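Examination of the molecular architecture
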Amino acid sequence: MSAVRKDQATSATAAPAPLPRPWQSIQPHAAMPELSHDERVRFNVVAAMNHFLAQRLLPRVREAAARDVEPALEARLGRPAADRHEYRRELEKNLTWRLWSRLRRSTMELRQQAGRLTVLRQLPELVSTSRDLLKDSGVSLTLDPAMTPPRYLTSLPSHLMPGGYVTDLVDGDVTAGASYEIGLYATLGGQSGPASDRAGRATVAWLREHRPDWRPRRILDLGCGIGANTLVLAQAFPDAEVVAVDAGAPMLRYAAARTAALGGGEHIRFVQADAERLALDEAPFDLVLSLMVLHETSRPALQHIFATSFQQLAPGGLAFHLEQPPYRDKPLIEQCLRDWDGRYNNESFWSSLHDTDLVACMREAGFAAQHVHETTANAAIGDAAPGVQGQEDYGRGGAWYVVVGEKPAVQTN
Ligand SMILES: C[S@@+](CC[C@H](N)C(=O)[O-])C[C@H]1O[C@@H](n2cnc3c(N)ncnc32)[C@H](O)[C@@H]1O
């Protein structure tokens with residue numbers, strides 16, 4: 001298996017990536033909200049603003065940190081910063097950082113408000129369309145109205161999304177899922193691909209490379225969100241039974257309708273449940289995944305989710321947990337830039353997750369030490385975003401950190 005890459009995020013000297021693809025490059029489907037001309041332009045402006053912040057202003061933040069922040073810190077302390085927290089306190093006094101951070105927060109607020117307004121003005125139609133799409137589609141949806149969502153999903157709206165993933169505004173609500181899909185483009189500048197499924201495609205590419213000819217018969221996706229990545233897995237393994245779990249009913253209703261609209265996922269069963277404690281009727285799974293879920297959860301919760309992945313895994317199976325990379329070995333300025341989401345974007349456990357030893361957590365969950373390792377998953381060549389091919393680029397460029405656990409066909413521990 002390949003080692004974790006050194007950080008390759010876009011540097012001040014790299015050529016700027018081309019402008020984001022326009023919002024219209026998104027793959028349309030019948031469950032998706034309709035956008036007026038002005039609504040599309042608003043998302044395009046937010047995406048262009050994010051592009052400017054990442055490509056133009058961020059290099060200036062790095063320069064200001066090296067030129068002003070680090071010398072000031074060393075003059076005051078008589079030594080370099082001991083950790084990113086000490087470094088950040090000095091960085092936050094810097095005007096270039098403050099400008100970048102404030103504008104970044106504003107683009108996130110704009111994305112969420114624009115997405116929500118677009119969805120709310122057509123919510124009755126979206127609800128009835130999603131119900132109609134599901135009828136006779138073959139895609140299954142099982143909700144649990146009695147389920148209490150974990151507190152980390154209800155106490156703060158994650159990445160400033162009003163109501164988070166779990167709030168139902170009306171009967172049959174799809175607001176969270178619909179606004180998540182249309183708004184993701186603006187944050188990622190279209191870099192997750194037309195169907196917002198780059199992580200799923202990177203996962204399939206990893207499986208093809210590392211387990212060629214493997215055909216998992218049962219797949220479990222923990223925290224499936226709008227099911228975009230689940231659908232890629234389902235299409236890659238059309239003979240598999242796929243169970244996709246999420247805590248949020250409005251995410252799942254949209255996921256199921258979206259899957260029905262796009263086709264190819266009739267063998268997916270969407271289930272509302274807490275991935276921390278899962279009781280399913282199915283036999284154990286050959287492949288258990290979580291894609292960009294762990295940062296939404298608490299430290300105890302991620303341990304429970306790893307335990308779920310161990311318990312639900314069949315002998316010979318593979319657990320695959322994909323995230324952005326740990327901070328270890330990264331310069332302090334890089335750690336602070338990456339930590340922005342944890343401090344200013346309501347990603348409460350983001351910071352601690354990136355300090356957590358996920359290999360140790362997998363072992364604690366039951367995986368034998370020799371069967372756990374770290375790797376990277378990359379979008380297929382030619383499939384990565386223009387300008388960031390092969391770069392990890394904060395989760396947008398098509399390359400991720402993964403912790404993998406295998407359960408041998410014959411248990412050795
Ligand atoms: C950032 S989204 C990622 C969705 C999806 N995996 C993807 O790649 O697009 C995180 C999802 O995890 C779900 N989630 C977080 N904690 C959960 C838990 N304990 N049980 C079930 N779902 C959970 C949230 O509701 C949300 O839909």
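These numbers were taken from a predicted model, which means no experiment stands behind them.

With that out of the way, let us pick up the overall build of the protein chain. A tally of regular secondary structure across the protein chain gives 14 helices and eight strands. Against the globule reference of 22 Å for 413 residues, the protein chain gives a C-alpha radius of gyration of 21 Å, in line with a compact fold. Along the three orthogonal principal directions, the C-alpha set of the protein chain runs to about 65 × 60 × 40 Å. The long-range fraction of contacts in the protein chain, counting pairs at least 24 apart against all pairs at least 6 apart in sequence, stands at 81%.

Time to look at the site of the ligand. In the vicinity of the ligand there are 23 residues, among which Tyr 165, Gly 223, Gly 225, Ala 247 and Ala 275 approach most closely. Every element with two or more residues in the shell around the ligand is listed here: helix H8 (228–236) and strand E3 (241–246). Broken down by class, the residue content of the shell around the ligand amounts to 14 nonpolar, five polar and four charged.

A word on the nonpolar core. Grouped together as the largest cluster of nonpolar side chains are 95 residues, with contacts concentrated most on Tyr 185, Val 245, Ala 255 and Ala 256. Here the element with the most residues in this core is helix H9 (residues 249–262); it accounts for nine residues. Counting only domains with at least three residues in this core, you end up with domain 1 (23–138 + 163–180) and domain 2 (194–406). Not counting the four nearest positions on each side in its chain, Ala 256 is found in contact with Leu 134, Val 139, Leu 141 and Phe 270. One finds Leu 58, Tyr 87, Leu 91 and Leu 332 within the second-largest nonpolar core, a separate group that totals 15 residues.

Below, the discussion takes up the packing of helix H7 (residues 198–210) against H8. One can describe the packing of H7 onto H8 by two numbers: an axis separation of 7 Å at closest approach and a directional angle of 35°. In this structure, H7 crosses over H8, and the sense of that crossing is right-handed. Residue-level inspection shows Ala 199, Gly 200, Arg 201, Thr 203 and Val 204 of H7 in contact with H8, the latter providing Ala 228, Asn 229, Val 232, Leu 233 and Ala 236. Partitioning the contact of H7 with H8 into residue classes produces six nonpolar, three polar and one charged.

What follows deals with helix H2 (residues 84–91). For H2, the full list of buried residues reads Arg 84, Tyr 87, Arg 88, Glu 90 and Leu 91. Along the axis of H2, the buried positions cluster into a sector of 160°, meaning they face one direction only. Looking at the packing, one finds that the buried side of H2 touches helix H1 (37–77), helix H3 (95–120) and helix H11 (332–338).

Turning our attention to the confidence of the model for the protein chain. For the protein chain, the mean per-residue pLDDT works out to 90, and 90% of the residues sit at or above 70. With pLDDT under 50 throughout, residues 1–12 is counted as low confidence; its partners more than four residues away or in other chains account for 27 contacts.

Domain boundaries assigned for the protein chain yield domain 1 (23–138 + 163–180) and domain 2 (194–406). One C-alpha centre belongs to domain 1, the other to domain 2; they are set 21 Å apart. If you look at the interface, domain 1 gives 33 residues, while domain 2 gives 27 residues. Only H1, H2, H3, helix H4 (123–134) and helix H6 (175–188) provide two or more residues apiece to the side of domain 1 that touches domain 2. When residues of the side of domain 1 that touches domain 2 are assigned to their parent elements, the largest contribution, five residues, is made by H6. Each residue belonging to the side of domain 1 that touches domain 2 can be placed in one class, and the counts come to 16 nonpolar, ten polar and seven charged.

Bringing H6 into the picture now. Between its first and last C-alpha atoms H6 spans 20 Å; for 14 residues at 1.5 Å apiece the expected length is 20 Å, and the two agree. Remark: the principal bend of H6, roughly 30°, maps to Ile 182. Most of H6 is tucked away, with 14 of its 14 residues classed as buried. Positive phi appears at Gly 189, one or two residues downstream of H6, with a value of about 60°.

On to the packing of H3 against H6, then. With their axes 9 Å apart at the nearest point, H3 and H6 run at an angle of 135° to one another. Between H3 and H6, the angle falls in the class oblique. Crossing hand, H3 versus H6: right-handed. Across from Arg 111, Gln 112, Gly 115, Arg 116, Thr 118 and Val 119 in H3, the residues of H6 making contact are Thr 175, Ala 178, Ser 179, Ile 182, Gly 183, Ala 186 and Thr 187. Its residues assigned to classes, the contact of H3 with H6 comprises four nonpolar, seven polar and two charged.

Reading the values: the criteria
- Residues numbered from 1 in each chain as written.
- Predicted model: local features only at pLDDT ≥ 70, side-chain atom pairs only at ≥ 80, totals over all residues.
- Helix = DSSP H or I, 4+ residues; strand = E, 2+ residues; numbered from the N terminus.
- Rg over C-alpha atoms; globule rule 2.2 N^0.38 Å.
- Contact = placed C-beta atoms within 7 Å.
- Near = placed C-beta within 6 Å.
- Nonpolar A, V, L, I, M, F, W, Y, C, P; charged D, E, K, R; others polar.
- Core = buried A, V, L, I, M, F, W, Y, C linked by C-beta atoms within 7 Å.
- Buried ≥ 20, exposed ≤ 12 C-beta atoms within 10 Å, placed from the backbone.
- Domains from an automatic or database assignment.
- Axes fitted to C-alpha atoms, helices over the stretch in contact; angles between N-to-C directions.
- Left-handed = near helix turned anticlockwise from the far one by under 90°.
- Arc of directions from axis to C-beta.
- pLDDT = per-residue confidence, 0-100.
- Expected span 1.5 Å × (residues − 1).
- Bend = angle between axes of the 7 residues up to and from the residue.
- Parallel < 35°, antiparallel > 145°, perpendicular 65-115°, else oblique.

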